[in-house]
Amino acid sequence: MMDIVLLGAPGAGKGTQAELLREWLPIPRVSSGDLFRAALEAGTPLGLKAKSYMDRGDLVPDQITIEMVADRLARPDCKDGVIFDGFPRTVAQAQALDRLLSTMGRQIDLAVYIRVSEQTLLERLGGRWTCRAHGHVYHRLYNPEQVPGICDIDGSELYQREDDTPETQLRRIQVYLDQTAPLREHYLKKGILVEIDGEQDIMAVQGDLRAAVRQSV
Ligand code: AMP
């Protein structure tokens, strides 16, 4: 049983690293961003509520987000642990997650902060392509797909996220600094925060992430 939180700014590599970690650990990745995008594509009321916030690069209100993640966490595949990617993003969400897990007799065992400079974030967000089916991510320069426009893993179409425009990128980084960066303190106080260098290449970051997981069990 292991519950892991991945922390880091948009573009730090959370999605890429969570996906690789999921191949190694027998627990699912839960990405709040993917859940919102799926709701949006399906045209559900949740998706419609989230859309305007996402388009601006702002956070969706805590209550909506927490409810959505709580529903996901109640599904059977989450019973042995979860890799949280993009959630929590506010202190209120982190507290809600702590309460939710404690009702299940669980707790966050490890929070990994993937540290990346702002310059690198902008470079990465600029060239990012995302797969329609599962949110696998590629980069025009740093991590290109094998067949142009097609996901290596599931063969679905790659697209550029609407919130990856230059203006929303800056907004999302600012929102991260204002609202999400303070979360490091939340997990530091619990003594479960590990920092890794996200400037390294993908497999080196994954190596550090797996080492952090091994050390925490
Ligand atoms: P992401 O794919 O993680 O970059 O998320 C894309 C967008 O979805 C964010 O810019 C927010 O608008 C929204 N979102 C994702 N996760 C959260 C969260 N935990 N809290 C609030 N909004 C979120």
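Here, the structure is the one placed above.
Since the structure is predicted, the reported quantities are computational estimates derived from the model, not experimental observations.

Draft legend 1. Representation of the site of the ligand in the model. In the neighbourhood of the ligand, 16 residues make up the surrounding shell, with Ser32, Arg37, Asp58, Gly86 and Gln93 lying closest. At 2.7 Å, a side-chain N or O of serine 32 approaches a nitrogen atom of the ligand. Contact between the ligand and aspartate 58: an oxygen atom at 2.6 Å from a main-chain N or O atom of the residue. The fraction of the free accessible surface of the ligand (470 Å²) that becomes covered by protein chains is 96%. With four residues, helix H2 (residues 32-42) is the largest single contributor of residues to the shell around the ligand. Residue composition of the shell around the ligand, by class: five nonpolar, five polar and six charged.

Draft legend 2. The arrangement of the packing of helix H1 (residues 14-24) against helix H9 (residues 202-216) in detail. Taken N-terminus to C-terminus, the directions of H1 and H9 make an angle of 55°; their axes are 10 Å apart at the nearest point. With respect to H9, the axis of H1 lies oblique. At the point where H1 passes H9, the crossing takes the right-handed sense. Side by side, H1 and H9 meet where Thr16, Gln17, Leu20, Leu21 and Trp24 of the first sit next to Ile202, Met203, Val205, Gln206, Leu209, Arg210, Val213 and Arg214 of the second. For the contact of H1 with H9, the class distribution of residues is eight nonpolar, three polar and two charged.

Draft legend 3. A look at the packing of helix H4 (residues 62-73) against helix H5 (residues 91-103). The N-to-C vectors of H4 and H5 enclose an angle of 30°; their axes lie 10 Å apart at closest approach. Comparing the axis directions of H4 and H5 gives the class roughly parallel. Crossing geometry of H4 relative to H5 is assigned as right-handed. Contact residues: Asp62, Thr65, Ile66, Ala70 and Leu73 in H4; Ala92, Gln93, Ala96, Leu97, Leu100 and Leu101 in H5. Partitioned by chemical class, the residues of the contact of H4 with H5 number eight nonpolar, two polar and one charged.

Draft legend 4. Region of interest: the nonpolar core. Among the nonpolar cores identified, the biggest contains 49 residues, and Ile4, Val5, Phe84, Leu97, Ile108 and Tyr187 are the most heavily contacted of them. Each residue touching leucine 97, except ones within four places of it in the same chain, is listed here: Val5, Leu73, Phe84, Phe87, Pro88, Ile108 and Tyr187.

Draft legend 5. Fine view of the pattern of salt bridges. Tallying each qualifying case throughout the model produces 19 salt bridges. As a salt-bridge pair, arginine 132 and glutamate 41 come within 3.3 Å of each other at their nearest N and O atoms. Linking arginine 132 in the loop between strand E5 (128-131) and strand E6 (137-139) with glutamate 41 in helix H2, this pair joins segments that are 91 residues apart in sequence. Connected through salt bridges with shared partners, the residues Glu19, Arg22, Arg29, Asp34, Arg37 and Asp85 form a single ionic network.

Draft legend 6. Examining the sheet that holds strand E7 (residues 158-159) more closely. With antiparallel pairing, the three strands of this open sheet are ordered in space as E6-E5-E7. The sheet is open, and its two borders are formed by E6 and E7, each paired with just one other strand. The sheet contact formed by E5 and E6 spans three bridges and is antiparallel. Within the sheet, the bridge partner assigned to tryptophan 129 lies in E6 and is tyrosine 138.

Draft legend 7. A look at the sheet that holds strand E2 (residues 29-31). Reading across the sheet, the five strands line up as E2-E3-E1-E4-E8 and stay open at both edges, with parallel pairing between neighbours. Both edges of this open sheet fall to E2 and strand E8 (193-197), since each of them pairs with a single strand only. Within the sheet, the average angular offset between the axes of one strand and its neighbour, ignoring direction, is 25°. Pairing of strand E4 (residues 110-115) with E8, which is carried by five bridges, proceeds in the parallel orientation. When the sheet's bridge partners are listed, alanine 111 is paired in E8 with leucine 193.

Draft legend 8. Local environment of H9. The first and last C-alpha atoms of H9 sit 21 Å apart over 15 residues, in line with the 21 Å expected at 1.5 Å per residue. Within H9 the residues assigned to the buried category are Val205, Gln206, Leu209, Arg210, Ala212 and Val213. On an axial view of H9, the arc spanned by its buried residues comes to 155°, and they lie on one face. For H9, the exposed residues lying more than 90 degrees away from the buried face are Met203, Arg214 and Gln215. For H9, the elements touching its buried residues are strand E1 (2-7), H1, E4 and E8. A side-chain oxygen of the first residue of H9 lies 3.2 Å from the backbone nitrogen of methionine 203; this N-cap is aspartate 201.

Rules and cut-offs
Residues numbered from 1 in each chain as written. Predicted model: local features only at pLDDT ≥ 70, side-chain atom pairs only at ≥ 80, totals over all residues. Heavy atoms only, no water. Near = heavy atom within 4 Å. Polar contact = N/O pair within 3.5 Å; in protein donor to acceptor, adjacent residues only side chain to side chain. Areas by Shrake-Rupley, 256 points an atom, 1.4 Å probe, with all protein chains shown as cover. Helix = DSSP H or I, 4+ residues; strand = E, 2+ residues; numbered from the N terminus. Nonpolar A, V, L, I, M, F, W, Y, C, P; charged D, E, K, R; others polar. Axes fitted to C-alpha atoms, helices over the stretch in contact; angles between N-to-C directions. Parallel < 35°, antiparallel > 145°, perpendicular 65-115°, else oblique. Left-handed = near helix turned anticlockwise from the far one by under 90°. Contact = heavy atoms within 4.5 Å. Core = buried A, V, L, I, M, F, W, Y, C linked by side-chain atoms within 4.5 Å. Buried < 20%, exposed > 50% of the residue type's maximum accessible area, 1.4 Å probe, protein only. Salt bridge = Lys/Arg side-chain N within 4 Å of Asp/Glu carboxyl O. Pairing = 2+ DSSP bridges. Expected span 1.5 Å × (residues − 1). Arc of directions from axis to C-beta.

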